[in-house]
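# Structure at a glance
Here is how the chains run, residue by residue.
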Amino acid sequence: VETYDIVVVGAGPAGLLASKKAAEGGAQVLLVEKEGEFGVKACAEALSKDAVLDAELKPSSNFISNEIVGAYIYAPDENKKVEISMSETGYGGYVVNKPLFLKELAEAAAAKGVDIRVKSKVVDVKRDGKLVKVMVFDGAKTVEVKAKILVGCDGVNSIVAEKFFNRENYQLISCIQYKLADCNLDNERVTRFYLGRKVAPMGYLWIFPKGRKLANVGVGVRGEPAKKYLDQFIETHVEEFRNSKVVKVEAAPIPISGQLDEIVSDNIMICGDAAGQVIPLTGGGIHSSIAAGKIAGEVAAEAVKENDASKARLMEYPNRFNSYWGERIRKSLKALRVMEKLSDDDLNQLANILTGKDVIDLANGLNVERVAMMLMKHPVFAMKIAKFLLS
Ligand SMILES: Cc1cc2nc3c(=O)[nH]c(=O)nc-3n(C[C@H](O)[C@H](O)[C@H](O)COP(=O)(O)OP(=O)(O)OC[C@H]3O[C@@H](n4cnc5c(N)ncnc54)[C@H](O)[C@@H]3O)c2cc1C
């Protein structure tokens, strides 16, 4: 039997930051990852500049594929689009190579003293008196590791969340993405989002350019298989995709039902996708997972020092997370619930009314009240949207 102060499950953005911060706080930390490498799970790889800074990395061409300076949001009538510019909204960032981004984070965590084990899958977790018992299968044998605190950063299919938390209301959107080479995009510095029942029922389709004609093109839909929507879009957008070739097909779900009510219990914490910490309207979860991991890691290390891993002590993590990120997630979820009710006609009209800044604020759960007050003046949208957003 091995012993550690803290075991972190999953080396995604959440787990890499949680383990790093816990080690920085003086704890002995083991990070276990079931895959043989980092970043195997599908991702469209878009990040804000602040996310990279919050991840405590210097922007570097080692992991940045392309810099983004704006976005186009297409209404169902694709002649209408809202343009988002960096100067007007601060929107911008990078499309990264996520495996390389995570590798840099892993190196930073290892430099702080985290023991990292890949190809090591957590197959069971149990409480054991004042400790937690973690069973890790390394491909040949199962090892038992005991820890004072277990941090579950093990994504959508989290074994930690499954065992210790209530995920009854946890909802997923299924996504499929192609990495497409030889795309013909007139501007490779903007991300593109397409909305509407025909393109992506209850979701959206994205084109995130990686530079040099390579792009992540994917779609999330609810209630139907996603693939036919992606294929149909590519077939009908001849200008952009006439010569394009699929170089990789990836699929994974995103939790879009907001944060779970409870994310800590005695000796146990969960972060990132496992805890539903994704901005629901955009499906973006890298930055929020990084933020959650950092706080959880810091709190876990402090709790170990104080020899108090009780739920009451660990509550510092959700309390700190919720004051900013929890609020953003909650408001973005509200905006998503409104969007779900809108017809394609409504969306076409909204494209004439909303500015780039409005769209960014709504999607990210920032200044939602400001947009709602503006929509209050509109005869149709006052009732349909504004009232709900202000409630
Ligand atoms: C198609 C798609 C596109 C996306 N695009 C974006 C985007 O452009 N920008 C953005 O911000 N977000 C995006 N997201 C969301 C983002 O990928 C996630 O929110 C983010 O990766 C969550 O980080 P995490 O650390 O919580 O979990 P994950 O990144 O899922 O990492 C969990 C890790 O745990 C490991 N693991 C799981 N179970 C076990 C186990 N039992 N034992 C050991 N290890 C285990 C997994 O292998 C994985 O490495 C996208 C998601 C999808 C599906």
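Refer to the structure printed above.
Residues numbered from 1 in each chain as written. Predicted model: local features only at pLDDT ≥ 70, side-chain atom pairs only at ≥ 80, totals over all residues. Heavy atoms only, no water.

Looking now at the site of the ligand. For the ligand, the set of nearby residues contains 37 residues, the closest of which are Glu33, Lys41, Ala46, Lys98 and Asp273. Glutamate 33 is positioned with one of its side-chain polar atoms (N or O) 2.6 Å from an oxygen atom of the ligand. When isolated, the ligand has an accessible area of 1,000 Å², and the protein chains bury 92% of it. Elements with a minimum of two residues in the shell around the ligand: helix 1 (13-24), strand 9 (121-128), strand 14 (204-211), strand 16 (245-255) and helix 8 (286-305). Ranked by the residues each element gives to the shell around the ligand, the list is headed by strand 16, at three residues. Residue composition of the shell around the ligand, by class: 19 nonpolar, nine polar and nine charged. (Near = heavy atom within 4 Å. Polar contact = N/O pair within 3.5 Å; in protein donor to acceptor, adjacent residues only side chain to side chain. Areas by Shrake-Rupley, 256 points an atom, 1.4 Å probe, with all protein chains shown as cover. Helix = DSSP H or I, 4+ residues; strand = E, 2+ residues; numbered from the N terminus. Nonpolar A, V, L, I, M, F, W, Y, C, P; charged D, E, K, R; others polar.)

Before going further, it helps to examine helix 1. Here helix 1 contains 12 residues, and its C-alpha end-to-end distance of 17 Å stays within 8% of the 16 Å for a straight helix at 1.5 Å per residue. In terms of burial, helix 1 is largely enclosed, as 11 of its 12 residues are buried. Taken as a whole, helix 1 has its buried residues at Pro13, Ala14, Gly15, Leu16, Leu17, Ala18, Ser19, Lys20, Lys21, Ala22 and Ala23. Close packing links the buried residues of helix 1 with strand 1 (2-9), strand 2 (29-32), helix 4 (98-111), strand 11 (142-152) and helix 8. (Expected span 1.5 Å × (residues − 1). Buried < 20%, exposed > 50% of the residue type's maximum accessible area, 1.4 Å probe, protein only. Contact = heavy atoms within 4.5 Å.)

Here the focus is the sheet that holds strand 3 (residues 46-48). Pairing in this open sheet of three strands is antiparallel, and the strands run 3-7-4 from one edge to the other. Edge positions in the sheet fall to strand 3 and strand 4 (64-68), since each of these pairs with one other strand and no more. The average angle at which neighbouring strand axes cross in this sheet is 30°, direction not considered. (Pairing = 2+ DSSP bridges. Axes fitted to C-alpha atoms, helices over the stretch in contact; angles between N-to-C directions.)

Another aspect to go through is the layout of surface pockets. Roughly 490 Å³ of internal volume is contained in the second largest pocket. Forming the boundary of the second largest pocket are 22 residues, of which Gly258, Gln259, Leu260, Asp261 and Glu262 lie nearest the centre. Partitioned by chemical class, the residues of the lining of the second largest pocket number eight nonpolar, eight polar and six charged. (1 Å grid on protein atoms, 1.4 Å probe; cavity = no way out; pocket = protein on both sides within 12 Å on 5 of 7 lines; lining within 4 Å. Points joined across faces, edges and corners; volume = space filled by probe spheres on them.)

To continue, consider the packing of helix 1 against helix 8. In contact at an axis separation of 7 Å, helix 1 and helix 8 are set at 30° when each is read in the N-to-C sense. One element, helix 1, and the other, helix 8, form an angle in the roughly parallel class. Helix-helix and strand crossings are classified by hand; for helix 1 and helix 8 the assignment is right-handed. Facing helix 1, whose interface residues are Pro13, Ala14, Leu17, Ala18, Lys21 and Ala22, helix 8 presents Ile286, Ser289, Ile290, Gly293, Lys294, Gly297, Glu298 and Ala301. Split into classes, the residues belonging to the contact of helix 1 with helix 8 amount to eight nonpolar, three polar and three charged. (Parallel < 35°, antiparallel > 145°, perpendicular 65-115°, else oblique. Left-handed = near helix turned anticlockwise from the far one by under 90°.)

Taken as a whole and judged by the stated rule, the model has 10 aromatic pairs. Judged by centre distance (4.3 Å) and plane angle (0°), the ring pair of tyrosine 74 and tyrosine 194 falls under stacked. Of this pair, tyrosine 74 sits in strand 5 (residues 70-74) while tyrosine 194 sits in strand 13 (residues 190-194); the two residues are 120 residues apart in sequence, bridging distant segments of the chain. Summarising the aromatic geometry, the rings of tyrosine 324 and tryptophan 325 are spaced 5.3 Å apart at their centres and angled 80° between planes, so their arrangement reads as edge-to-face. Among the aromatic residues, ring-to-ring pairing joins Tyr72, Tyr74, Tyr194, Phe233 and Phe241 into one connected group. Between lysine 341 and the ring centre of phenylalanine 388, over which it is positioned, the NZ or CZ distance is 4.3 Å. (Phe/Tyr/Trp six-rings, centres within 6.5 Å; stacked < 30°, edge-to-face > 60°. Lys NZ or Arg CZ within 6 Å of the ring centre and 35° of its normal.)

What follows is about the environment of proline 209. Along the polypeptide, proline 209 turns up in strand 14. Through-space distance from the C-alpha of proline 209 to that of lysine 80 is 21 Å; in sequence the pair is 129 residues apart. Those residues in contact with proline 209 that lie beyond four places of it in its chain are Asn66, Ile68, Val95, Leu185, Glu188, Val190, Thr191, Leu214 and Ala215.

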